[in-house]
Amino acid sequence: MDVKVDGSARLFVAVEPPEEIRIRLEAVRRDFIGGRTAPPFNPHLTLRFIGEVPGEKAAAVRKTLCAVRAAPFELRAHGLGFFEKRWGAVLWAGLEPSAALAELKRLVDAALWSGAGLAAERGGFAPHITLARVKTPVPLHWRTLVQNHPGVAAGFPVTGFTLFRSLLAREGARHFVEERYPLAGSST
Ligand code: 3AM
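The text that follows walks through the structure, step by step, so that each part is easy to find. Since the structure is predicted, the reported quantities are computational estimates derived from the model, not experimental observations.

### Looking at the overall build of the chain
Stage number 1. Scanning the chain from terminus to terminus reveals 4 helices and 8 strands.
Stage number 2. Along the chain, helices and strands appear, N-terminal first, in the series β-α-β-α-β-β-α-β-α-β-β-β.
Stage number 3. The C-alpha atoms of the chain give a radius of gyration of 17 Å, which matches the 16 Å a tight globule of 188 residues would have.
Stage number 4. With the principal axes as the frame, the chain shows a C-alpha extent of 45 × 35 × 30 Å.
Stage number 5. For the chain, the proportion of its 188 residues judged to be buried stands at 44%.
Stage number 6. At a minimum sequence separation of 6, the contacts of the chain that also span at least 24 residues come to 78%.
Stage number 7. A total of about 10,400 Å² of accessible surface is found on the chain, and carbon and sulfur atoms cover 56% of it.

As structure tokens, then:
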């Protein structure tokens with residue numbers, strides 16, 4: 001239904017936090033945006049935004065990501081903050097620095113280059129889990145709340161990563177799982 005006739009797709013690679021952390025993230029998000037109708041929440045930690053690629057390239061991406069070999073590791077959510085953008089603002093939950101996460105991103109980038117000819121984007125990697133987006137400047141209550149909110153201070157295991165397809169819609173992008181890739185030694 002949402003797959004384009006020519007097979008092209010807008011793709012990104014991300015880590016999905018486990019259910020328990022997703023629930024906590026959802027609660028924090030509600031503290032900021034209230035109970036008003038919000039776009040579906042799909043908390044994820046983007047490792048690599050790929051963008052729109054034609055069908056053959058999407059197939060190469062799917063295949064080459066199978067070659068990524070890394071062991072499961074622990075991450076810890078820590079802190080809240082926002083990015084100020086030209087079009088509005090993004091509220092995020094941060095992660096404690098992790099060499100294993102940086103290495104997983106490096107391996108994903110390397111696989112996408114060697115197996116699909118996709119060069120890594122320039123610029124640094126700022127690991128975060130987006131909680132909400134607004135199309136206005138940072139709301140004043142966000143500034144106050146960010147200072148005082150405990151956020152999600154919890155560790156969680158990373159046992160795999162996911163290739164997502166993103167479908168742009170008026171109410172916000174919708175994400176669909178294309179494929180999940182377990183890390184070596186994990187059973188997911
Ligand atoms: O949800 P997060 O913040 O992890 O911001 C987009 C989103 O990040 C980012 O990719 C994730 C899935 O859409 N993204 C979208 N367009 C992008 C672009 N042109 C982009 N990242 C880099 N360049």
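### Describing the nonpolar core
Stage number 1. The biggest cluster of nonpolar side chains holds 50 residues, and the ones touching the most others in it are Ile50, Val61, Leu65, Leu104, Val108, Trp142 and Phe161.
Stage number 2. A per-element tally of this core places helix 3 (residues 99-116) first, with 7 residues.
Stage number 3. In contact with Val61, other than residues within four places in its own chain, are Leu11, Ile50, Leu112, Ala116, Leu118, Leu163 and Tyr181.

### Let's talk about the packing of aromatic side chains
Stage number 1. Enumeration according to the criterion identifies 4 aromatic pairs in this entry.
Stage number 2. Each ring, one from Phe12 and one from Phe164, has its centre 5.2 Å from the other, and the planes form 20 degrees; the classification is stacked. Separated by 152 residues along the polypeptide, Phe12 in strand 1 (residues 9-15) and Phe164 in strand 7 (residues 160-167) bring together distant segments of the chain.
Stage number 3. Overall, the relative accessible area of 5% leaves Phe12 in the buried class.
Stage number 4. Here Phe164 falls in the buried class, since its relative accessible area comes to 2%.
Stage number 5. Measuring from ring centre to ring centre gives 6.3 Å for Phe32 and Trp142, while their planes differ by 80 degrees; the resulting arrangement is edge-to-face. Of the two residues, Phe32 is situated in helix 1 (residues 19-33) and Trp142 in helix 4 (residues 140-148); the sequence distance between them amounts to 110 residues.
Stage number 6. Trp142 gets classed as buried once you look at its relative accessible area, which sits at 1%.
Stage number 7. Over the ring of Phe125 we find Lys105, and its NZ or CZ is 5.3 Å from the ring centre.

### Points about the side chain of Asp109
Stage number 1. Mapped onto the fold, Asp109 is located in helix 3.
Stage number 2. A relative accessible area of 13% places Asp109 in the buried class.
Stage number 3. Residues contacting Asp109, with those up to four places away along its chain left out, are Arg48, Leu118 and Ala120.

### Overview of the pairing of strand 3 (residues 73-84)
Stage number 1. Relative to strand 6 (residues 154-158), strand 3 is paired through 5 bridges, and the arrangement is antiparallel. Each bridged residue has a counterpart across the sheet, and for Ala77 the counterpart in strand 6 is Ala154.
Stage number 2. As judged from the 6 bridges shared by strand 3 and strand 4 (residues 89-95), these two strands associate in the antiparallel manner. In the sheet register, Phe82 faces strand 4, and the bridge partner there is Leu91.

What counts, and where the lines are drawn
Along every chain, residues carry numbers that run from 1 in the direction the sequence is written. Totals for whole chains, interfaces and linings use all residues, but because this is a predicted model, local features are given only for residues with pLDDT of at least 70 and pairs of side-chain atoms are given and counted only at 80 or more. Heavy atoms throughout the structure, all of them, feed into the side-chain values; hydrogens and water do not. The helix and strand labels rest on DSSP assignments: H or I over at least four residues marks a helix, E over at least two residues marks a strand, and numbering proceeds from the N terminus. Computation of the radius of gyration draws on C-alpha atoms alone. For the globule rule, the value is 2.2 Å times the number of residues to the power 0.38. In this scheme, a residue with accessible area under 20% of its type's maximum is buried, one over 50% is exposed, and one in between is partly exposed, where area comes from a 1.4 Å probe on protein chains only. By definition, residues are in contact when any of their heavy atoms lie within 4.5 Å. In short, Shrake-Rupley with a 1.4 Å probe defines the accessible areas, and a residue's cover is counted only from the protein chains shown. Residue types Ala, Val, Leu, Ile, Met, Phe, Trp, Tyr and Cys, when buried and joined through side-chain atoms within 4.5 Å, form a set referred to as a nonpolar core. Two aromatic rings, drawn from Phe, Tyr or Trp (for Trp, its six-membered ring), form a pair once their centres lie within 6.5 Å of each other, and the interplanar angle then sorts them: stacked below 30 degrees, edge-to-face above 60, tilted otherwise. Working rule: Lys NZ or Arg CZ, within 6 Å of ring centre, within 35 degrees of ring normal, means a charge sits over the ring. One bridge is not enough; two strands pair if DSSP finds at least two bridges between them.

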